[in-house]
Amino acid sequence: MKWIDYSSPETLSEALGLLNSYQKDAGILAGGTDLIVKMRANRVNPTQVIDIKAIPELNQININSNNDLTIGSAIPCYKIYNNSEIMNLRPELKDSASIIGGTQIQGRASLGGNICNAAPSADSVPLLIALGTTCNVQSINGERTIPLENLFSGPGQTVLEPNELLISITIPKKSNLSGANYIRFIPRNEMDIAVVGTGVSVIISDDKKKFESVRVSLASVGPTPIFVDGIDKEISGQEINDESIRVVSNIAKNASKPISDMRGTAEFRQHLCEVLTRRALITSIERAKGE
Ligand SMILES: Cc1cc2nc3c(=O)[nH]c(=O)nc-3n(C[C@H](O)[C@H](O)[C@H](O)COP(=O)(O)OP(=O)(O)OC[C@H]3O[C@@H](n4cnc5c(N)ncnc54)[C@H](O)[C@@H]3O)c2cc1C
């Protein structure tokens, strides 16, 4: 049996100091619903587990005067969809926070852990990318901000340095006449890994007839979550109709780079990208119109 040290720092500076000392030998534990599973399977072998749940900065929810929403990285999912301020501002966050595992998992699992675990299938990530989320990161050397779509470098890999901690994420203020949605395809009704997931965010014109902006991000169809670039160039100013919706969903389909595995063939996944993007876009448009 291997000895593992455990600490639960109550200040950010203590946590950053520990992380800087142990670097790759540290295991950051938020909810532990990924970390502990990986430790049991010997996929990671930290000598020092740093429990970040007691650090105030990682448990804060802040809405600034501009209505940008900042969510601490260690906040569990259930506190997100049960928070009336968050749900008033960004009700779509429930789409993903309420489907990560079941009730027990949501009692522990954080968005920060879902992001930093860097699974291509992570359910919270596509919607957050579609919403233009940025990551607030800190080490003993200072702070930096990373757009979420630039955080991932491979399956299970991020661009975070070994001594860096994700402190919080910031979702920019909701535009007028905007809506967003996340949906996934899983073979069962719940508690499964997304075969494909699609996050969409849309802004429509004042007369509610044209697209102003559309952002799409995909899960489980590449080595990292995919931000589908270039949609606005094609769609901004276009009428909202079946044809323009089909254009968006085909751009998403063509941006996917799926593999075939036991959960679905590459061809099936590409088909799902088109179907799910179309459905999430239609829901986003309805939400933007207030329907
Ligand atoms: C039964 C079960 C069902 C699940 N269902 C789903 C599902 O439907 N959808 C889905 O997407 N996931 C699912 N998961 C995976 C997991 O629950 C989620 O990814 C969860 O959000 C991870 O959050 P956590 O707080 O538990 O992370 P942890 O396990 O604590 O951490 C995950 C990883 O991120 C790192 N990390 C955590 N916080 C930080 C930080 N602040 N800064 C830097 N690194 C950090 C950790 O070191 C670790 O490598 C499931 C897991 C289980 C066990």
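Residues numbered from 1 in each chain as written. Predicted model: local features only at pLDDT ≥ 70, side-chain atom pairs only at ≥ 80, totals over all residues.

Asker: Run through the overall build of the protein chain, naming residues and quoting values.
Answerer: Of the regular secondary structure elements, the protein chain holds 11 helices and 14 strands. C-alpha extents for the protein chain along the principal axes are approximately 60 × 50 × 35 Å. Counting across all 291 residues of the protein chain, residues that qualify as buried make up 46%. (Helix = DSSP H or I, 4+ residues; strand = E, 2+ residues; numbered from the N terminus. Buried ≥ 20, exposed ≤ 12 C-beta atoms within 10 Å, placed from the backbone.)

Asker: For the site of the ligand, give the residues involved together with the corresponding values.
Answerer: Lining the immediate environment of the ligand, one finds 29 residues, of which Ala30, Gly31, Gly101, Gly113 and Asn114 sit closest. Counting residues per element, the ones that place at least two in the shell around the ligand are strand S2 (26-29), helix H2 (35-40), helix H7 (111-116) and strand S10 (165-171). No other element matches the four residues that H7 contributes to the shell around the ligand. Of the residues that constitute the shell around the ligand, the class distribution is 15 nonpolar, 11 polar and three charged. Taken together, domain 1 (5-51) and domain 2 (56-171) each give at least three residues to the shell around the ligand, which thus spans both. (Near = placed C-beta within 6 Å. Nonpolar A, V, L, I, M, F, W, Y, C, P; charged D, E, K, R; others polar. Domains from an automatic or database assignment.)

Asker: Which residues make up the nonpolar core, and what values go with them?
Answerer: Core analysis: the biggest nonpolar cluster contains 80 residues, and Ile52, Val196, Val202, Val216, Leu218, Val228 and Val248 have the highest contact counts within it. By residue number, the principal contributor to this core is helix H11 (residues 266-288), which donates seven residues. Excluding anything up to four places from it in sequence, Leu218 contacts Pro126, Val196, Gly197, Thr198, Pro225, Ile226, Val228, Ala252, Ser256 and Cys273. (Core = buried A, V, L, I, M, F, W, Y, C linked by C-beta atoms within 7 Å. Contact = placed C-beta atoms within 7 Å.)

Asker: Explain the sheet that holds S10 residue by residue, including any values.
Answerer: Overall, antiparallel pairing links the five strands, which are arranged S4-S5-S10-S6-S7 in an open sheet. A single partner strand is all that each edge strand has here, and the edge strands are strand S4 (61-63) and strand S7 (142-147). Neighbour-to-neighbour, the strand axes of the sheet open up by a mean angle of 20°, direction not taken into account. As judged from the five bridges shared by strand S6 (residues 134-139) and S10, these two strands associate in the antiparallel manner. In the strand pairing of S10, Thr134 is matched with Thr170. (Pairing = 2+ DSSP bridges. Axes fitted to C-alpha atoms, helices over the stretch in contact; angles between N-to-C directions.)

Asker: Would you mind going over the sheet that holds strand S1 (residues 5-7) in detail, with residue names and values included?
Answerer: Strand order in this open sheet of three strands is S1-S3-S2, and the pairing throughout is parallel. Two strands bound the open sheet, and with one partner strand each, they are S1 and S2. Averaged over all pairs of adjacent strands, the angle between strand axes in this sheet comes to 20°, irrespective of strand direction. With three bridges joining them, S1 and strand S3 (residues 48-51) adopt parallel strand pairing.

Asker: Before we move on, can you summarise the domain arrangement of the protein chain with the specific residues and values?
Answerer: Examined at the domain level, the protein chain breaks down into domain 1 (5-51), domain 2 (56-171) and domain 3 (178-288). Each of domain 1 and domain 3 has a C-alpha centre, and the two are 35 Å apart.

Asker: Residue-level account of the packing of helix H10 (residues 242-255) against H11, with values.
Answerer: Where H10 meets H11, the axes come as close as 8 Å, and the angle between the chain directions of the two elements is 140°. On the basis of the axis angle, H10 is oblique to H11. Once H10 is placed against H11, the crossing between them reads as right-handed. Together, Ile245, Val248, Ser249, Asn250, Ala252 and Lys253 of H10 and Gln270, Cys273, Glu274, Thr277, Arg278, Leu281 and Ile282 of H11 make up the contact between the two elements. When its residues are assigned to classes, the contact of H10 with H11 shows six nonpolar, four polar and three charged. (Parallel < 35°, antiparallel > 145°, perpendicular 65-115°, else oblique. Left-handed = near helix turned anticlockwise from the far one by under 90°.)

Asker: For H10, give the residues involved together with the corresponding values.
Answerer: Its 14 residues give H10 an end-to-end C-alpha distance of 20 Å, which sits within 8% of 20 Å, the value for a rise of 1.5 Å per residue. Every buried residue of H10 is accounted for by Ile245, Val248, Ser249, Ile251, Ala252, Lys253 and Ala255. (Expected span 1.5 Å × (residues − 1).)

Asker: Which residues make up helix H1 (residues 12-22), and what values go with them?
Answerer: Of all the positions in H1, only Ala15, Leu16 and Leu19 are classed as buried. Across the axial projection of H1, the buried residues extend over an arc of 95°, all falling on one side. When the buried face of H1 is taken as reference, the exposed residues oriented beyond 90 degrees from it are Ser13 and Ser21. Buried residues in H1 make contact with S2, S3, S6 and S10. Downstream of H1 by a residue or two, Gln23 has a phi angle that is positive, lying close to 45°. (Arc of directions from axis to C-beta.)

Asker: Tell me about the pairing of S2, residues and numbers included.
Answerer: What you see with S2 is no split at all: Ala26 and Ile28 on one side and Gly27 and Leu29 on the other are buried throughout. Relative to S3, S2 runs parallel, the two being bridged by four bridges. Looking across to S3, one finds that Ile28 is bridged to Ile50. With respect to chirality, the unit in which S2 leads through H2 into the neighbouring parallel S3 is right-handed. (Right-handed = clockwise from strand over helix to strand, strands pointing away.)

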